[in-house]
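Next come the chains, spelled out residue by residue.
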Amino acid sequence: FEVQIGPIAMPDGSGSSVVLFLRDLTSARRLEAMRVDFVANASHELRTPLASLLGFIETLQGPARDDAPARLRFLAIMRTQALRMTRLVDDLLSLSRIELREHMPPTRTIDLGPLTRQMVDAQVPLAAERGVTITCAGEGRFPVLGEADELQRVVENLVENAVKYGGPTVAVSLARQDGSHGGEIVLTVQDDGPGIAPEHIPRLTERFYRVDTASSRQQGGTGLGLAIVKHSLNRHRGRLVIESTLGEGTRVRVVLPERAAHPAAEPPPASA
Ligand code: ADP
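Quantities reported herein were computed from a predicted structural model and do not represent experimental measurements.

Rules of the game
- Residues numbered from 1 in each chain as written.
- Predicted model: local features only at pLDDT ≥ 70, side-chain atom pairs only at ≥ 80, totals over all residues.
- Heavy atoms only, no water.
- Helix = DSSP H or I, 4+ residues; strand = E, 2+ residues; numbered from the N terminus.
- Near = heavy atom within 4 Å.
- Polar contact = N/O pair within 3.5 Å; in protein donor to acceptor, adjacent residues only side chain to side chain.
- Areas by Shrake-Rupley, 256 points an atom, 1.4 Å probe, with all protein chains shown as cover.
- Nonpolar A, V, L, I, M, F, W, Y, C, P; charged D, E, K, R; others polar.
- Expected span 1.5 Å × (residues − 1).
- Buried < 20%, exposed > 50% of the residue type's maximum accessible area, 1.4 Å probe, protein only.
- Contact = heavy atoms within 4.5 Å.
- Pairing = 2+ DSSP bridges.
- Axes fitted to C-alpha atoms, helices over the stretch in contact; angles between N-to-C directions.

**Q** Which parts of the structure should I look at to understand unusual backbone geometry?
**A** The phi angle of most residues is negative, glycine excepted, and most peptide bonds adopt the trans form. A cis geometry characterises the amide bond from Gly-167 onward to Pro-168, with omega recorded as -10°. Note on placement: Pro-168 falls in the loop between helix H4 (148–166) and strand E6 (169–179). At Phe-208, a position not held by glycine, the phi torsion is positive, near 70°. Positive phi is not limited to glycine here, since Arg-237 has a value of about 55°. For Arg-237, the location among the structural elements is in the loop between helix H6 (225–235) and strand E8 (239–245).

Take a look at the structure:
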């Protein structure tokens, strides 16, 4: 606790009193430590590709100056490093934007069906490149209160992770269930890949946490994807459930409150 003592003069001049302030610093300190950690991690993540870029620039200015094939090879690597930095900066910006909006409840009704199909279709080329088969199931409407861009990002991240780290089959599905506080929409992304060891699962949504940093970097990952998903779901009053068995695969579910149908939004009855 931080203790502050301050005198207060009584308005009628009848003497003075002392006021004692007690402030709980535990959570403030914890937040400050998290912020310092975050800045240190972000700087480290940016420094790695920067150091590599600088190394190649110096090589191109010196030993490789007249070596045309080496120049082309180095430029390709430099492009990959620059793209990695761009992705990292984009993810950092997305995360801070989402955190700023975390306490603003979303206002639009979004049907998760077409949005999910669109995001799955967008992953088909990456899946094909890796020999991963991807399917999408779920009939009907899946209305939730949400922000389309944030929900797109959530679905994109989960499907992309399943294609990159899971495979060879990725099954995406939507369903409705009865929850304790009303209807719920459940998005499931299931893969039959190598799975995740249990000790990693509770930490996956931490910023920059990766099971295998080298493999995530090689796949173009920033380690921020699931942190972005978690903060978006906080805003949408949703929850993320990750279950995995080593050697069998991973199942990730997003559970969101169903947006009850508004009478005015119902389609008019078909005339006979
Ligand atoms: P990244 O940018 O590295 O993809 P994420 O936050 O999206 O970061 O994911 C964190 C880590 O969780 C990944 O680096 C990966 O090790 C692991 N992971 C996520 N999804 C899966 C999956 N479906 N199968 C196996 N590992 C996964």
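**Q** Help me understand the site of the ligand, please; the structure alone is not making it clear to me.
**A** Around the ligand, a shell composed of 17 residues is seen, among which Tyr-165, Ser-216, Thr-222, Gly-223 and Leu-226 lie nearest. In the model, an oxygen atom of the ligand is placed 2.6 Å from a nitrogen or oxygen of the Ser-216 side chain. Contact with the protein chains covers 93% of the free accessible surface of the ligand, which is 540 Å². For the shell around the ligand, the secondary-structure elements that each account for two or more residues are H4 and H6. Here the residues of the shell around the ligand sort into 7 nonpolar, 7 polar and 3 charged.

**Q** Help me understand helix H2 (residues 68–100) in this model?
**A** Every α-helix winds through 3.6 residues per turn, so residues three or four apart in the chain are directed the same way. For H2, with 33 residues, the first-to-last C-alpha span of 48 Å sits near the 48 Å given by 1.5 Å per residue. Of the residues making up H2, those classed as buried are Ala-70, Phe-74, Met-78, Gln-81, Arg-84, Met-85, Leu-88, Asp-91, Leu-92, Ser-94, Leu-95 and Ile-98. Here the buried face of H2 lies against helix H1 (26–61), H4, helix H5 (213–218) and H6.

**Q** Which parts of the structure should I look at to understand the sheet that holds strand E4 (residues 133–137)?
**A** Pairing is mixed in the open sheet, where 5 strands are placed in the order E4-E6-E7-E9-E8. Among the strands making up the open sheet, the edge pair consists of E4 and E8. Averaged over neighbouring strand pairs, the angle between their axes works out to 20° when direction is ignored. Sheet strands touched by H4: E4, E6, strand E7 (182–191), E8 and strand E9 (249–257). Its angle to E7, the strand with the most contacts, is close to 30°.

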